[in-house]
Amino acid sequence: MKDVVKRYNLSCTYADLCDTYREYQVKHSKGGIPVFDGIPETLDALNNLGIKLGVVTSRINDSVEEILKETGIFDSFDAIIGAYDTNIHKPNPEPALLCCQKLGVDPKDALMIGDAVYDIQCGHNAGCKTCFVAWSACTTLEQAIEGSHPDYIVYSPQELLDLVK
């Protein structure tokens, strides 16, 4: 965002932009984030297999926790890493490494799952295996392959179970 301030010669500061973005996240996250079909069942199955699950997101912590609670999947996760938990964010490895630490998992034994190039790059940079989910509209499959080279690609939540069994 600092580049945006410079490029467009904005009269606001970087901190102003961050504050505005965070306010936007809180205001526009209520009731508007759907859960993809099959996700609750997949999370339940992963939990039943004893697999530790974490969330690594660039969203502010309050916003992501509210969304996860609102959608009924908050209790599926053992760790949640949000924007306030690290000083450096994706694609830097710091968020994934912190999540692994909180889960008590060696990064080489972790699978970073994401729908964006930065998610996959973050996982790779942390030493994790990576998996791109191709059902999201966030990043196209071509962008993911070209920009991040995921170890795995899945087309449905059920396929995630096949990766860990």
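Quick note: structure is the one above.
For clarity, every value in this text was computed on a predicted model and none was experimentally measured.

Q: Outline the packing of helix H6 (residues 117-126) against helix H7 (residues 141-148), listing residues and values.
A: H7 packs onto H6 with a crossing angle of 30° between their chain directions and a minimal axis gap of 9 Å. With respect to each other, H6 and H7 are oriented roughly parallel. Seen along the crossing, H6 lies across H7 with a hand that is right-handed. Touching Val117, Ile120, Gln121 and His124 of H6 are Gln143, Ala144, Gly147 and Ser148, all from H7. Class assignment of the residues belonging to the contact of H6 with H7 gives a composition of 3 nonpolar, 5 polar and no charged.

Q: Describe the side chain of Asp119, with residues and values.
A: Along the chain, Asp119 turns up in helix H6. Side-chain polar atoms of Asp119 contact the side chain of Lys90, separated by 2.5 Å. Of note is the side chain of Asp119, whose polar atom sits 3.1 Å from the backbone nitrogen of Asp115. In this structure Asp119 touches Lys90, Met112 and Gly114, once residues within four positions along its chain are discounted.

Q: Go over the nonpolar core, please, and point to the residues and values.
A: The biggest cluster of nonpolar side chains holds 13 residues, and the ones touching the most others in it are Val56, Ile81, Ala96, Cys99, Met112 and Cys128. Elements with a minimum of two residues in this core: strand E2 (79-81), helix H5 (94-103) and H6. When residues in this core are grouped by element, the largest group, 5 residues, is from H5. Contacts of Ile81, omitting those with residues within four sequence positions, involve Val55, Val56, Thr57, Thr86, Pro95, Leu98, Cys99 and Lys102. Counting residues in each nonpolar core, the second largest holds 11 residues, with Leu43, Leu53, Val64 and Leu161 among its members.

Parameters at a glance
Residues numbered from 1 in each chain as written. Predicted model: local features only at pLDDT ≥ 70, side-chain atom pairs only at ≥ 80, totals over all residues. Heavy atoms only, no water. Axes fitted to C-alpha atoms, helices over the stretch in contact; angles between N-to-C directions. Helix = DSSP H or I, 4+ residues; strand = E, 2+ residues; numbered from the N terminus. Parallel < 35°, antiparallel > 145°, perpendicular 65-115°, else oblique. Left-handed = near helix turned anticlockwise from the far one by under 90°. Contact = heavy atoms within 4.5 Å. Nonpolar A, V, L, I, M, F, W, Y, C, P; charged D, E, K, R; others polar. Polar contact = N/O pair within 3.5 Å; in protein donor to acceptor, adjacent residues only side chain to side chain. Core = buried A, V, L, I, M, F, W, Y, C linked by side-chain atoms within 4.5 Å. Buried < 20%, exposed > 50% of the residue type's maximum accessible area, 1.4 Å probe, protein only.

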